[in-house]
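Close look at the chain arrangement
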Amino acid sequence: MKKIIAILLSAGLFFLFCDKKNTSGPETVTIEDLLVKDNEISGWSRSGDFWLASSSTELAVYIDGAADLYTRHGFVEAVSQTYQGLIEDNTESITIRIYDQANKDNAVALFPDYINENTINPETWSEVGEDARIERFVLGSQIVFHKSSYFVYMEVSSSLEQALDILKSFARNVDRKIK
C-alpha cells in the first residue's frame, strides 16, 4: 500500500513540475489578436482583404503616401482586415486598421496629426480609447482612436445610422482587447 501511495505521489509531482503551461506569466498578444474575429459582431465576418506590415516599406505598399505619418511617429507594425455583413439588406464592408506605434507617447502624438490631416468635422466620442473621433461622410463613417501604443482606424461603407452603430460595436470590441 505504501508503494502505491509513493508511486501516485511521485507521478503527481512529476506532472506538476513537468506541465508545459505557465499560468503565472503574461499572455503574449499579437497585433492580429486585436482584430475582430468572425461573428464576434453578429453577422459580420472577414471578407478576405487582409494585410500585415512589419516595416515602413511594407506599410508604404499598402497605404502609399500616408505611410510617412505613421513612420514619423514610431511605426512598428500594422494590420488591416475587411469584414462584410448586412445593413438593411445591403452587403456592406467595414475595414479595421491597427497601428502599433511602439509606445503610448507616439500614439498620442500621432492622433492630432492624423485628425488635422484627414478629417474635416470630427465628433468627439468617449466610449473607446484614450481619445476618439467619429467622422461622418456622404457615403460612410470612420472612427479613429488611440489606446496604449496603438492607433486604430476603422470605416464603414454606409452612411446609415445603423452602420455607425455597428462600427461602434467593432470599436468597442477592439478597445477591450488592447491592454
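Residues numbered from 1 in each chain as written. Predicted model: local features only at pLDDT ≥ 70, side-chain atom pairs only at ≥ 80, totals over all residues. Heavy atoms only, no water.

**Let's talk about the overall build of the protein**
Under the convention used in this document: In this text, helices come from DSSP runs of H or I with a minimum length of four residues, and strands from runs of E with a minimum of two, each type numbered from the N-terminal end. For each residue, the accessible area found with a 1.4 Å probe, counting protein chains only, is set against the maximum for its type, and the residue is called buried under 20%, exposed over 50%, and partly exposed in between. We call two residues in contact when some of their heavy atoms are within 4.5 Å. Values of accessible area rely on a 1.4 Å probe in the Shrake-Rupley scheme; residue burial ignores everything except the protein chains shown.
Summing up its helical and strand segments, the protein has five helices and seven strands in all. Scanning the protein from its N terminus toward the C terminus, one meets helices and strands in the order α-β-α-α-β-β-α-β-β-β-β-α. Burial statistics for the protein: of 179 residues in total, 39% are counted as buried. Nonlocal contacts in the protein, meaning residues at least 24 apart in sequence, comprise 59% of its contacts between residues at least 6 apart. Taken as a whole, the protein presents about 10,400 Å² of accessible surface, with 52% of it coming from carbon and sulfur.

**Remarks on the side chain of serine 149**
Turning to its location among the elements, serine 149 is positioned in the loop between strand E6 (141-147) and strand E7 (150-156). For serine 149, a relative accessible area of 10% puts it in the buried group. With near-sequence residues (within four places) excluded, serine 149 lies in contact with Tyr99, Asp100, Gln101, Ala102, Asn103, Lys104 and Ala107.

**Thoughts on the nonpolar core**
Selection rule: We call a set of buried residues a nonpolar core when its members are Ala, Val, Leu, Ile, Met, Phe, Trp, Tyr or Cys and they connect through side-chain atoms within 4.5 Å of each other.
In this structure, Ile96, Ile98, Ile143, Phe145, Met154, Phe170 and Val174 are the most contacted members of the largest nonpolar core, which totals 30 residues. Contributing elements (two or more residues each) for this core: strand E2 (77-87), strand E3 (90-100), strand E5 (131-136), E6, E7 and helix H5 (161-177). With seven residues, the top contributor of residues to this core is H5. Aside from chain neighbours lying at most four places away, what touches valine 174 is Leu34, Val36, Ile96, Ile98, Phe145, Val152 and Met154. Residues Trp51, Ala67, Phe75 and Ala78 belong to the second largest nonpolar core, which totals 17 residues.

**Considerations on unusual backbone geometry**
Of note in this structure, aspartate 89 is not a glycine but carries a positive phi near 65°. In this fold, aspartate 89 is placed in the loop between E2 and E3. Aspartate 89 sits in the exposed class, given a relative accessible area of 71%. Its identity as a non-glycine residue notwithstanding, alanine 102 has a phi of 80°, on the positive side. Mapped onto the fold, alanine 102 is located in the loop between E3 and helix H4 (104-118). On the accessibility criterion, alanine 102 (46% relative accessible area) is partly exposed.

**Structural notes on the environment of serine 42**
The topology assignment puts serine 42 in the loop between helix H1 (2-18) and strand E1 (45-53). Residues serine 42 and glycine 85, 43 residues apart in the sequence, show an inter-C-alpha distance of 8.7 Å.

**Side note on the sheet that holds E7**
This is how the line gets drawn: At least two DSSP bridges between two strands are required for those strands to pair. Angles run from 0 to 180 degrees between N-to-C directions of axes, and those axes are lines fitted to C-alpha atoms, restricted for helices to the stretch in contact.
Read from one edge to the other, the open sheet built from seven strands follows the order E1-E2-E3-E7-E6-E5-E4, with strand pairing classed as antiparallel. Because the sheet does not close on itself, it has two edges, and the strands there are E1 and strand E4 (123-124). As judged from the six bridges shared by E1 and E2, these two strands associate in the antiparallel manner. In the sheet register, phenylalanine 50 faces E2, and the bridge partner there is glutamine 81. Contacts between helix H2 (residues 56-63) and the sheet are confined to E1, E2 and E3, with E1 contributing the most and set at about 140° to the helix. The strands touched by H4 are E5, E6 and E7; relative to E6, the strand with the most contacts, the crossing angle is about 160°.

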